[in-house]
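Fold and contact review
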Protein chains: 4
Amino acid sequence: MISTHLPPLYIGEWLNTPSSDFNAFASGRVVLLHAFQMLCPGCVYHSLPQLKSVAEAYSPEQVSVVGLHSVFEHHAAMSSTSLKAFISEMGITYPIGIDLPGHGAIPQTMAHYQMRGTPSLLIFDASANLRFHHFGRLSDMQLSAMLGQALWCDESAELAISGSTGCSL
Amino acid sequence: MISTHLPPLYIGEWLNTPSSDFNAFASGRVVLLHAFQMLCPGCVYHSLPQLKSVAEAYSPEQVSVVGLHSVFEHHAAMSSTSLKAFISEMGITYPIGIDLPGHGAIPQTMAHYQMRGTPSLLIFDASANLRFHHFGRLSDMQLSAMLGQALWCDESAELAISGSTGCSL
Amino acid sequence: MISTHLPPLYIGEWLNTPSSDFNAFASGRVVLLHAFQMLCPGCVYHSLPQLKSVAEAYSPEQVSVVGLHSVFEHHAAMSSTSLKAFISEMGITYPIGIDLPGHGAIPQTMAHYQMRGTPSLLIFDASANLRFHHFGRLSDMQLSAMLGQALWCDESAELAISGSTGCSL
Amino acid sequence: MISTHLPPLYIGEWLNTPSSDFNAFASGRVVLLHAFQMLCPGCVYHSLPQLKSVAEAYSPEQVSVVGLHSVFEHHAAMSSTSLKAFISEMGITYPIGIDLPGHGAIPQTMAHYQMRGTPSLLIFDASANLRFHHFGRLSDMQLSAMLGQALWCDESAELAISGSTGCSL
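As the structure is a computational prediction, the values presented were derived from the model and not from experiment. (Residues numbered from 1 in each chain as written. Chains lettered and ligands numbered in written order. Predicted model: local features only at pLDDT ≥ 70, side-chain atom pairs only at ≥ 80, totals over all residues. Heavy atoms only, no water.)

**Overview of the relation of the copies chain A and chain B**
- With an RMSD of 0.0 Å, the fit of chain A onto chain B corresponds to turning through 180 degrees and sliding 0.0 Å along the axis. Within this description, the copies of the chain are treated as partners about a two-fold rotation axis. Ranked by how close their C-alpha atoms come to the rotation axis, the residues of chain A are headed by Gly 148 of chain A, at 2.3 Å.
- Taken together, the interface assignments show that 100% of the residues at the interface of chain A recur at the interface of chain B, consistent with an identical surface on both copies. (Least-squares fit on C-alpha atoms with pLDDT ≥ 70 in both. Contact = heavy atoms within 4.5 Å.)

Here you go:
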């Protein structure tokens, strides 16, 4: 655990947090980064309720949930004004970064991580290693298995351990 | 990981398994022991569907799901004849042990583990340590967090580690 | 509305009702007859919760829910002893008739109405006409549409009315 | 059924319909008017999925579903630009009228019908009588019971009929 410096996010504005330093509020813990669009049905109906379940099963000291609003379509419809009302109405309290617009339709963080769409989940462990990158829906059981692995299964251990209780799903 | 010998279950008959040796088919892996009654609504509507989600998120080499039919009421209504039809209709394929009747209404394994009712969940790690004992419902996210901890978080580590990424929920 | 005499059911034993006269407690209202087996997954997971929703949307004076335990498989597993415990545990309070065994596996009421399996729903209107006979699952919206039609749409009107607001789904 | 002229809606713009004449496309059928806001959680999570179930149980000749976007808060966040993207992403195909802004926060149709908030449901029968006005959530079974009553139960009959099969819930 030499470094715990999370890789950069390209963020235009942070909501729900006084800090604009991703590392300041998220490093040293497992980070569940949720890339979404406020008008994406899979995000609204599946991922957002799921993130509430995460907060019921894991403490904030264990898993830091961070939203990333990565708009790649209907840009005018999903302005920061609309997003702020959405966050308020949906009762979302974790930090949300607005992905910085890129040259084309794809915003910069989304492009940097080569995300295929929304919802996308990125899970970093407490040593700031990217452990999972998933596009689309996961069951609660599957997502929690990934979080558990990021929390309690040393990446280095994956090399040493072989067998059924080793560090892989 | 000196011993992986699971503690005894008091079983009258095993279903869905040729072996009657709990240790033979379950040891060396995380064991999710599900104590239920076939006519318990919480078991039927919550736990049994949840165990199907476990099998979708974890491989059988990681988590061994085992049922324990611990009847403490309506004994005549939940005979082994009725249980076998229930298992067949519900499509349950994991091993199920029928808890051995005790002197009173409470069967012997249920009494041994001082279970408070059904559904009850007991989670053993691969070293055969009892890690969790829960009566009632858990969310999928919570159950999976317990399984992850049993799988990937050394019990001995719990003593050494303090802090947010340590081995506790 | 000359006669309101419901057709016969072949019942060995009535539960949850002091009367054994189907017509005495059900006639003059819409009757929702639910043929089920206590170990049929579609009945347990879909129909039984749905019947609770019926009772929340319609008064007992409007819709009389009646269960029919029509066992055509696993007969020994679904005895009246098991059924009584099932009813108690599931909190079912409406009358349930145990379909009378026939010569083969199929009980007599099930055979009389040529039911294809369980769950089957039969809806009679207040004039004792059989208005709907459905095998398998229905959405709450669909079932309620059938109940509304049986309640408020005269069967004779079906002949006279043509057009979008006529008495047919 | 002398007149089937629906009462006026105060609409700034109609979406999903070439006509701007509410009566032209909705009269002569039961009309289910759904007042919503695109960022209202109860609308998004409960009512909108429910309206899809309506379309599965009733034909468009029986029940005409019409949306009414009645924004009374976060006006800038729920512009017509945002609404159009919302409708497209959610796959909504029935006509939606944008409620005309009033003098204060409350738009004109919402004020005219004295709606208490969103979601609100208004059900008109084929004779253009307002039969139900409900604020908040309804179960599918309850909503369908209201639709059935509007479809098949003559309002005039309510006066003539007394008893359990009469025209009231």
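**Details of the sheet that holds strand E2 (residues 30–36) of chain C**
Residues and elements named next belong to chain C.
- Overall, mixed pairing links the 6 strands, which are arranged E1-E4-E3-E2-E5-E6 in an open sheet. Single-partner strands in this sheet number two, and they are strand E1 (11–15) and strand E6 (130–135). For this sheet the average axis-to-axis angle between neighbouring strands, irrespective of direction, equals 20 degrees.
- In terms of strand pairing, strand E5 (residues 120–124) meets E6 through 5 bridges, oriented antiparallel. Looking at the pairing, Leu 122 lines up with His 133 of E6.
- Its contacts with the sheet place helix H2 (residues 41–57) against E2 and strand E3 (63–69), and it is angled at close to 160 degrees to E2.
- Docked against the sheet, helix H3 (residues 80–90) engages E1, E2, E3 and strand E4 (96–99), running at close to 30 degrees with respect to E1. (Pairing = 2+ DSSP bridges. Helix = DSSP H or I, 4+ residues; strand = E, 2+ residues; numbered from the N terminus. Axes fitted to C-alpha atoms, helices over the stretch in contact; angles between N-to-C directions.)

**Some words on the sheet that holds strand E3 (residues 63–69) of chain A**
Residue and element names in this part refer to chain A.
- Ordered in space as E1-E4-E3-E2-E5-E6, the 6 strands form an open sheet in which the pairing is mixed. On the outer flanks of this sheet lie strand E1 (11–15) and strand E6 (130–135), each paired with one strand and no other. Direction aside, the axes of adjacent strands within the sheet are offset by 20 degrees on average.
- Pairing of strand E2 (residues 30–36) with strand E5 (residues 120–124), which is carried by 5 bridges, proceeds in the antiparallel orientation. Residue Ala 35 lies in a different strand from E5, and its bridge partner there is Ser 120.

**Details of the relation of the copies chain A and chain D**
- Note on the identical chains: chain A maps onto chain D by a rotation of 180 degrees and an axial translation of 0.0 Å, with an RMSD of 0.0 Å.
- Most of the interface of chain A is mirrored in chain D, where 100% of its interface residues again form contacts.

**Points about the confidence of the model for chain A**
- Looking at chain A, the pLDDT average stands at 90 and 89% of residues meet or exceed 70.
- The ipTM assigned to the predicted complex is 0.90, against a pTM of 0.91. (pLDDT = per-residue confidence, 0-100.)

**Describing the state of the cysteines**
All names here are of chain A.
- Scanning all chains against the criterion turns up 4 disulfides over all chains.
- Note on cysteine connectivity: Cys 40 is disulfide-linked to Cys 43, with sulfurs 2.5 Å apart. Looking along the S-S bond of the Cys 40-Cys 43 disulfide, the torsion reads about 80 degrees, which is the right-handed sense. Like Cys 43, Cys 40 is buried. (Disulfide = S-S within 2.5 Å. Buried < 20%, exposed > 50% of the residue type's maximum accessible area, 1.4 Å probe, protein only.)

**Some details on the packing of H2 of chain C against helix H5 (residues 140–152) of chain C**
Residue and element names in this part refer to chain C.
- At their nearest, the axes of H2 and H5 sit 11 Å apart, and the two run at 50 degrees to each other. Considering their axes alone, H2 and H5 lie oblique with respect to each other. When the axes of H2 and H5 are compared, the crossing they make is right-handed. In contact with Gln 50, Ser 53 and Val 54 of H2, H5 contributes Asp 140, Leu 143 and Leu 147.
- Residues that form the contact of H2 with H5 fall into these classes: 3 nonpolar, 2 polar and 1 charged. (Parallel < 35°, antiparallel > 145°, perpendicular 65-115°, else oblique. Left-handed = near helix turned anticlockwise from the far one by under 90°. Nonpolar A, V, L, I, M, F, W, Y, C, P; charged D, E, K, R; others polar.)

**Points about the interface of chain A and chain D**
- Taken together, the 18 residues of chain A in the interface contact 18 residues of chain D.
- Together, the buried faces of chain A and chain D total about 1,600 Å²; carbon and sulfur atoms form 67% of this surface.
- By the criterion of area lost to chain D, the three top residues of chain A are Leu 39, Tyr 45 and Glu 89 of chain A, representing 38% of everything that side buries.
- Counting every contact that joins chain A to chain D gives 0 salt bridges. (Buried area = accessible area lost by both parts, 1.4 Å probe. Salt bridge = Lys/Arg side-chain N within 4 Å of Asp/Glu carboxyl O.)

**A short note on helix H3 (residues 80–90) of chain B**
- Buried within H3 of chain B we find Ser 82, Leu 83, Ala 85, Phe 86, Ile 87 and Met 90 of chain B.
- Looking one or two residues past H3 of chain B, Gly 91 of chain B carries a phi angle of roughly 70 degrees, positive in sign.

**A word on the packing of aromatic side chains**
All names here are of chain A.
- In this structure the tally under the stated criterion is 23 aromatic pairs over all chains.
- Arranged with centres 6.3 Å apart and planes meeting at 75 degrees, the rings of Tyr 113 and Phe 124 form a pair that is edge-to-face. Placement of Tyr 113 in the loop between helix H4 (108–112) and E5 and of Phe 124 in strand E5 is noted, with a sequence separation of 11 residues between them.
- By relative accessible area, Phe 124 is classed as buried at 1%.
- Connected via pairs of aromatic rings, a cluster forms that spans Trp 14, Phe 22 and Phe 25. (Phe/Tyr/Trp six-rings, centres within 6.5 Å; stacked < 30°, edge-to-face > 60°.)

**A closer look at the pairing of strand E4 (residues 96–99) of chain B**
Residue and element names in this part refer to chain B.
- The side-chain alternation of E4 yields two buried faces, one formed by Ile 96 and Ile 98 and the other by Gly 97 and Asp 99.
- Sheet analysis places strand E1 (residues 11–15) next to E4, joined by 4 bridges and oriented antiparallel. Across the sheet, residue Leu 15 finds its bridge partner in E4, namely Ile 96.
- Handedness of the crossover joining strand E3 (residues 63–69) and E4 through H3: right-handed. (Right-handed = clockwise from strand over helix to strand, strands pointing away.)

**Structural notes on the interface of chain A and chain B**
- Each side of the interface is counted separately: chain A has 28 residues, and chain B has 28 residues.
- Between chain A and chain B the total buried area reaches about 2,200 Å² when both faces are included, carbon and sulfur atoms providing 64% of it.
- Scanning the region where chain A abuts chain B turns up 0 salt bridges.
- Applying the counting criterion to the chain A and chain B interface returns 4 residue pairs in polar contact (both at pLDDT 80 or more).
- When contributions to the side of chain A that touches chain B are tallied by element, the ones reaching two or more residues are helix H2 (41–57) and helix H5 (140–152) of chain A.
- Looking at the side of chain A that touches chain B element by element, the count peaks at 10 residues for H5 of chain A. (Polar contact = N/O pair within 3.5 Å; in protein donor to acceptor, adjacent residues only side chain to side chain.)

**Some details on the pattern of salt bridges**
- Tallied over the full model, the rule gives 8 salt bridges over all chains.
- A salt bridge links Glu 13 of chain A to Lys 84 of chain A; the nearest nitrogen and oxygen atoms lie 3.1 Å apart. Taken together, the residues Glu 13 of chain A in strand E1 and Lys 84 of chain A in helix H3 (residues 80–90) connect sequence positions 71 residues apart.
- A relative accessible area of 30% places Glu 13 of chain A in the partly exposed class.
- The closest approach of N and O atoms between Asp 125 of chain D and Arg 131 of chain D, which form a salt bridge, is 2.8 Å.
- Look at Asp 125 of chain D and you get buried, because its relative accessible area is 5%.

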